[in-house]
Each structure stands twice: as C-alpha cells, then as structure tokens.
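Breakdown of the fold
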Amino acid sequence: MPAVLPEALIVATLVTAALLVGPLVRARRPGGFLFSLFGLIELGLLVLLVWGIVLVAGTERDVDVATFVGYLVGTVAVLPLAVLWARNETSRWGDAVLIVALLVIPVLIVRLNQIWDAAHA
Amino acid sequence: MPDDLATATRSGPGRMLVAVYAIFALAATARSAVQIATRFEQAPLAYVLSAFAALVYVLATVCLAKGSAVSRRIAYAACTIEFLGVLIVGALSLLRPEWFPDATVWSVFGRGYLFIPVVLPLIGLYWLRRTAR
C-alpha cells in the first residue's frame, strides 16, 4: 500500500498519543483540541477503509482479502470504542485507555502493509 | 453492595484492563473467524485453539466489565484458564512445532503479541483479588 495516508495516520496517532501524556500525568480529561484530533484521525481511518476496500477489490495481487478488510475495520472501530469506554472514567486511567487505542492503530496499519506486501501479483 | 463492587472492578486500572482484554477479544475473534472460515484444514489444532482463546478473552472482557459477584467468579476462571492455556500452548508450540503449522495467539507464550498474553491473566487475577471484599 504505497501511499501517504497510512504513513500520515501512523504519525498522527503516535503524536496524539504523546500529547495525551500531559492529561495523563495531570489526571485530567483530554480537552477539545485533542478530541478534534481524534475526529481528524477517525476521518482519515474511514478514508483508509474505503480506499483499502477499493484497492483490494481492484488489485491483481493475491491479497488475503478477509484478513485485510478485517484489519481495516479494526482500525476504524478501535478509537470510537475507546472514547466510549473512557467517557465515564474520572481517573487518569481514562487517558491510558485512549493512549492504548492510539498505539494499537499504527500497529494495525503496519500489519495492513505487511499483508499487502506479502501478496504477490 | 453489588454496584460498588462492579464500579471498583471496572474503574481506575480496571478500566484499562478491560480495554486491553477487549482488544485481545476482538483480535483473537477476528483472527480465528478468518482462519476457520478460509483455511481450517491447513492447521486445525492451531485454529481450534485460536477460537478457544478468543472465547476465553471475550468471556473475561465481558465479565470484568460487568463486575457482579457471579461474573467476577467467571472472570477468575477465565483468567486462570487463560494463563494455563498460554503456558501449555506456549510449551507445546516449542516442543511440538509440527502440531502448529500456523501460529495461535498463545504460540511461544504470546511472542507475536509482545508476550502480553502471558502477563495479562496474571494482572487480571491480581486485579480481581485487589478489588475483592
């Protein structure tokens, strides 16, 4: 999957995870700015989902389609679920949940790339 | 006071514990569903064990999140089975690699997942013990 979007999303999730260390240390909930970053990341992940499905539908490569689409769906699902789960948490562990989710997304994107690269034309 | 017990189980560190369990539940369920649906005959034992691991993770996630007296008991059992599973499957995957043509979540003590599978059940059991009373 040679393209800018997956790499940009990896950088964005890692940077956002790093920015959450501030609220984590001060035991505060993330502010509006961080939530708008979540929104942007989620938007990018949705574009990645659609783009990935189009890509895998039109390729000559022998891609493991079920696994590939599974990872795409996983990347889209993680952050909203984490926000919901962290919503009622008043302690710093709510921020920890969000950081974990933001660190899982780049791992999933790297795995997506590996699945794509493992398939031969 | 069952409500307090439930809140204690899923709040604070418990909030993150459930989140990590949920990630493993999702990952293991999706993985084993794809494996069993698309290529079961290639590594039946590994894929059945993957499905079993997925079931244990789902059970532990739901029961830790619910946190009632009964569901905590089920979570205890799930974490114990999970730990034994990681140890047994981890050892077998090293001693009898020919039984596992494809990897499970628990192969080589969860090496493919940063060894989190071998630590997670211990943290789960510790957390259940700490929030008991």
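For the structure, check the block above.
In this report, we go over the structure that sits alongside the text. (Residues numbered from 1 in each chain as written. Chains lettered and ligands numbered in written order. Predicted model: local features only at pLDDT ≥ 70, side-chain atom pairs only at ≥ 80, totals over all residues. Heavy atoms only, no water.)

1. What about the interface of chain A and chain B?
- Taken together, the contacts link 13 residues of chain A with 14 residues of chain B.
- Both faces combined, the contact of chain A with chain B buries some 1100 Å², and carbon together with sulfur accounts for 75% of it.
- Among the residues of chain A in contact with chain B, Trp85(A), Glu89(A) and Trp93(A) are the three that bury the most area, contributing 49% of the side total.
- Where chain A meets chain B, there are 2 salt bridges.
- The salt bridge partner of Arg15(B) is Glu89(A), with a shortest N-O separation of 2.6 Å.
- Between chain A and chain B we count 4 residue pairs in polar contact (both at pLDDT 80 or more) in total.
- Among the elements of the structure, helix H4 (65-86) and helix H5 (93-118) of chain A are those that each provide at least two residues to the side of chain A that touches chain B.
- Among the elements that make up the side of chain A that touches chain B, the one with the highest residue count is H5(A) (5 residues). (Contact = heavy atoms within 4.5 Å. Buried area = accessible area lost by both parts, 1.4 Å probe. Salt bridge = Lys/Arg side-chain N within 4 Å of Asp/Glu carboxyl O. Polar contact = N/O pair within 3.5 Å; in protein donor to acceptor, adjacent residues only side chain to side chain. Helix = DSSP H or I, 4+ residues; strand = E, 2+ residues; numbered from the N terminus.)

2. Looking at the packing of aromatic side chains
- Counted under the stated rule, the structure contains 7 aromatic pairs over all chains.
- Aromatic pair Phe35(A) and Phe38(A): ring centres 5.1 Å apart, planes at 70 degrees, arrangement edge-to-face. Here Phe35(A) and its partner Phe38(A) are both found in helix H3 (residues 32-58), 3 residues apart, which amounts to about one turn of the helix.
- When its relative accessible area of 3% is taken as the criterion, Phe38(A) is described as buried.
- Pairing Phe24(B) with Tyr113(B) gives two aromatic rings, centres 5.7 Å apart and planes at 50 degrees, and the pair type is tilted. Remark: Tyr113(B) occurs in the loop between helix H4 (69-95) and helix H5 (116-131) and Phe24(B) occurs in helix H2 (residues 13-39); sequence separation between them is 89 residues.
- Under the relative-accessibility criterion, Phe24(B) is labelled buried at 7%.
- The rings of Tyr21(B), Phe24(B), Phe52(B), Tyr57(B), Trp106(B) and Tyr113(B) are connected pair by pair, giving a single aromatic cluster.
- Above the face of the Trp85(A) ring, Arg15(B) is positioned so that its terminal group lies 4.7 Å from the ring centre. (Phe/Tyr/Trp six-rings, centres within 6.5 Å; stacked < 30°, edge-to-face > 60°. Buried < 20%, exposed > 50% of the residue type's maximum accessible area, 1.4 Å probe, protein only. Lys NZ or Arg CZ within 6 Å of the ring centre and 35° of its normal.)

3. Overview of the pattern of salt bridges
- The final tally for this structure, using the stated rule, is 3 salt bridges over all chains.
- Here Arg29(A) and Asp95(A) are joined by a salt bridge, their closest N and O atoms 4.0 Å apart. Pair noted here: Arg29(A) is in the loop between helix H2 (21-26) and H3 and Asp95(A) is in helix H5, with a separation of 66 residues, a long-range link.
- The exposure class assigned to Asp95(A) is buried, which follows from its relative accessible area of 0%.
- Note that Asp64(A) and Arg39(B) form a salt bridge whose closest N and O atoms lie 3.3 Å from each other. Here Arg39(B) lies in helix H2 and Asp64(A) lies in the loop between H3 and H4, a pairing that spans two chains.
- Using a relative accessible area of 19% as the deciding quantity, one classes Arg39(B) as buried.

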